[in-house]
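The lines below spell out each chain.
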Number of protein chains: 2
Amino acid sequence: MGNQEHLSKEDRLASLSGAIESGSLFRLQRMLNALHPAEIAHLLESSPLEQRKIAWELIKRENEGLVLIELNDDVRSQLTEEMDTGDLIEALKDLDTDDMADFLQGLPDTVIQETLSAMGRQERERVEVVLGYDEDTAGGLMDTEVVTIRSDVTVEVVLRYLRMRGDLPSHTDRVIVVDSYDKYLGVVSLSKLLTSQPDDSILFIMDHEYSAIHADTDKNEVAALFEDRDLISAPVINEVGKLLGRITIDDVVDVIRDEAEHSIKSMAGLNEEDDLFAPILPSVKRRAVWLGTNLITAFMAAAVISQFTETIESAVALAVLMGIVPSMGGIAGSQTLTMVIRGIALGQIGKSNTHSLLRKELLLGLINGVIWAVVVFAISAIALKDIEIGILIGVAMLLNLLAAPLSGVLLPLTLRKMNIDPALAGSVLLTTVTDIVGYAGVLGLASLLLPYLRQIFA
Amino acid sequence: MGNQEHLSKEDRLASLSGAIESGSLFRLQRMLNALHPAEIAHLLESSPLEQRKIAWELIKRENEGLVLIELNDDVRSQLTEEMDTGDLIEALKDLDTDDMADFLQGLPDTVIQETLSAMGRQERERVEVVLGYDEDTAGGLMDTEVVTIRSDVTVEVVLRYLRMRGDLPSHTDRVIVVDSYDKYLGVVSLSKLLTSQPDDSILFIMDHEYSAIHADTDKNEVAALFEDRDLISAPVINEVGKLLGRITIDDVVDVIRDEAEHSIKSMAGLNEEDDLFAPILPSVKRRAVWLGTNLITAFMAAAVISQFTETIESAVALAVLMGIVPSMGGIAGSQTLTMVIRGIALGQIGKSNTHSLLRKELLLGLINGVIWAVVVFAISAIALKDIEIGILIGVAMLLNLLAAPLSGVLLPLTLRKMNIDPALAGSVLLTTVTDIVGYAGVLGLASLLLPYLRQIFA
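All of these numbers come straight from a predicted model, not from anything done at the bench.

### Concerning the packing of helix α7 (residues 85-92) of chain B against helix α9 (residues 109-117) of chain B
Residue and element names in this part refer to chain B. Between α7 and α9, whose axes approach to 10 Å, the crossing angle comes to 55°. It follows from the interaxial angle that α7 and α9 lie oblique. Pair α7 / α9 crosses with right-handed handedness. In this structure, α7 uses Thr85, Leu88, Ile89 and Leu92 to contact α9, whose residues at the interface are Val111, Glu114 and Thr115. Along the lines of polarity and charge, the residues of the contact of α7 with α9 split into 4 nonpolar, 2 polar and 1 charged.

### Focus on the sheet that holds strand β1 (residues 148-149) of chain A
Strand pairing in a sheet takes place through backbone hydrogen bonds and is either antiparallel or parallel in direction. All names here are of chain A. Read across the sheet, 3 strands follow the order β1-β2-β3 without closing on themselves; strand pairing throughout is mixed. At either end of the open sheet lies a strand with only one pairing partner, and these are β1 and β3 (184-189). In this structure, β1 lies alongside strand β2 (residues 174-178), joined through 2 bridges in parallel fashion. Following the sheet pairing, Ile149 is matched in β2 by Val177.

### Overview of the interface of chain B and chain A
Listed per partner, the contact involves 117 residues of chain B and 116 residues of chain A. When the two sides are added together, the surface that chain B and chain A hide from each other amounts to roughly 11,300 Å², 66% of it contributed by carbon and sulfur. Three residues stand out in chain B for area buried against chain A, namely Arg163, Leu194 and Leu276 of chain B, and they jointly supply 7% of the buried area on that side. Taken together, the links from chain B to chain A amount to 10 salt bridges. At the boundary of chain B with chain A, the tally comes to 27 residue pairs in polar contact (both at pLDDT 80 or more). No other element matches the 16 residues that helix α21 (residues 351-382) of chain B contributes to the side of chain B that touches chain A. The class makeup of the residues in the side of chain B that touches chain A is 61 nonpolar, 32 polar and 24 charged.

### Describing unusual backbone geometry
Residue His171 of chain A is not a glycine yet carries a positive backbone phi of 60°. The phi torsion at Lys385 of chain B lies on the positive side, around 50°, for a residue other than glycine. Tracing the backbone shows Lys385 of chain B in the loop between α21 and α22 (387-417).

So, how was this worked out
- Residues numbered from 1 in each chain as written.
- Chains lettered and ligands numbered in written order.
- Predicted model: local features only at pLDDT ≥ 70, side-chain atom pairs only at ≥ 80, totals over all residues.
- Heavy atoms only, no water.
- Axes fitted to C-alpha atoms, helices over the stretch in contact; angles between N-to-C directions.
- Helix = DSSP H or I, 4+ residues; strand = E, 2+ residues; numbered from the N terminus.
- Parallel < 35°, antiparallel > 145°, perpendicular 65-115°, else oblique.
- Left-handed = near helix turned anticlockwise from the far one by under 90°.
- Contact = heavy atoms within 4.5 Å.
- Nonpolar A, V, L, I, M, F, W, Y, C, P; charged D, E, K, R; others polar.
- Pairing = 2+ DSSP bridges.
- Buried area = accessible area lost by both parts, 1.4 Å probe.
- Salt bridge = Lys/Arg side-chain N within 4 Å of Asp/Glu carboxyl O.
- Polar contact = N/O pair within 3.5 Å; in protein donor to acceptor, adjacent residues only side chain to side chain.

Pasting the structure below:
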């Protein structure tokens, strides 16, 4: 960076594996230790298991903690499992309280206790405050290292205090004003401090309206607040308004990233921490859950089809074409489902607009249903010269393209009410509906109507 | 926020639609104008069309520009279409240069020209610089309003200059040091300015190593840099090192959010700007593309099945169970595909680790293939009392669970090489492979082996 040449992620990956293969570990070590901790973490996550372990051994002691905190849970616990507690404590000691709390939460209880008792009193108390909150809340995200000032002093006094204090914690864009009981009063931005006159009073220049976040606020709500209001940091208070710490944008960016990854991975039945080079056995287990669930769905569809074996025997073209209906229903349904899952995640869907949404999606389904019903009818009638089957497939398609948006809207909303993550369970349930409606539609209609249709078009 | 009670997104939505239904527009207007622009934008995006238009009319003039810039492209152009150019220019005038450029890029050329000529010279030139860069690069993201200082002065002088200057641009966490030709030299953070002694020289306290970003850097690379290094702002320079502007974390958060939404939506064949309450016709068109593509895939699968009608007629149980094999292949393949698409998006996959990845995914496929082959065999043999069909389905399943990871890894990598977005085209192509291999596997094996198997197990 800066003026020196900077390698792309892909180049770094290539040079890591090249160095390991050719045994130039010294060169690799130099490259690794010139990178930022997050970049090292990224590289470790992108490396196959054996290379990852070799590279990890080469990382400087003082970087270990910073790298570990940037890794996803899986890779991190893989590496920490092989460290002894002393090394762990050493690696942890320079981390921010929020990072340390986050890290400790993933460790066995005995290690947490050992690590805590190895800390100084003040630091231990700080970490314990953060550990007291759920990691999915503002309290779990916050850092307790905060620069606070009083409101009854002048800018001059604050400037002198800051100079005396020296380095400010990273991402300090404003100092926090509290009273003598640590009750939160407001903030003064650093740029305000810099552009005010030395004899201005803090009471006069401070922002009394600046948002403080309650410690038990959900982390996704915190992220929305940071996004909507373009914040860099926000104070965290408890239920009586006492200042507990502050949340900074870097941790919020992680929340935003994690939320999106969670949606993407969950919708394919993957764990969001699933690691590109995870050890085989845990991966087999995780993916097998989804495959097993899908097998049940597939057998349910098969059970539906098995009710109609006579119909299929009488017109084997049904076996050829019947799969088209559930397939199209699955696609249409997953489009609606994806819209709704994102809408829920981003807080855009509530009771008041569910009705409008359902109406719109059903209308979309109706229009697309008619279009594609006509298309499959035309193809069956013209190319396959089978008008009757064309009619059956067309009608079943229309029905399924109405069932798809209906379940695409209602399933995730129902799951949310039941406190089940719609991204996780939604798509399997949706496919179950569109498969069953699809197969039952084609074959049911065929068993009822095919003899009559054959007579009409004979 | 702060001390006053704060409504959740869902409550706001409900009170918007309640106010419109009961005709209490004055109450609605008060509520809307108490919100931040991003919150208003969010509310508009979550509202059905007619409500959206009514709410838009109630928004204060001076907020219009800030709200418009927060809206997604679709909703924004819906609302601006009905504004005349004069109103547009009025709404735009207080925006940052990057926001203004972003906004203008979506408007017709005549409106861009009119808007530019209505601006003051200095502002017009600034916007034109940003407009000169692709909106997907650092140059297109940057804001040109920057606080710069020289290196040969003391902290004292800078402090006096800042006080004289008054308000700093938002997200100013550091001032930028340039020489008299505007060549970028380094930065000084506000906290450094505040904690240094007044007679310290800037040359002495400045950070010479701080990353400057080249204007033509891709925006996703910019985002990775901000994430990896926890930046709040970064200077943007041209190829000869001249300072052009700076990028701030708020715009980077939007890039991160957009990239994730793009992946999620593309994988379901949706446009990432697809709006919950988009007008019907454009939505029908967008979704129809995906449904049409899928129909081709489904007909290809049907064409495969149609080669084996005699086999199906001789054993209708095949028609009942054959769908299970492509279905499982589709799930397994989409798990691999999702991993690989995210790996590509996050820069974790390169030439050097493709091989290891493929080996790992194939091994996973082999293990899962064997497991599920045995399970379907057992179910078919025990529950359906059909050992022969069980063997066929089991073997076809194993084959398809090997084809799935193979295409899950190779398809997106090939698409990337061809500069096609793997998130967009990957899943349709993958399903085509797993459907065809699945059906051809079951039915092909059946047509070859079923007679012999029947003899053996007769």
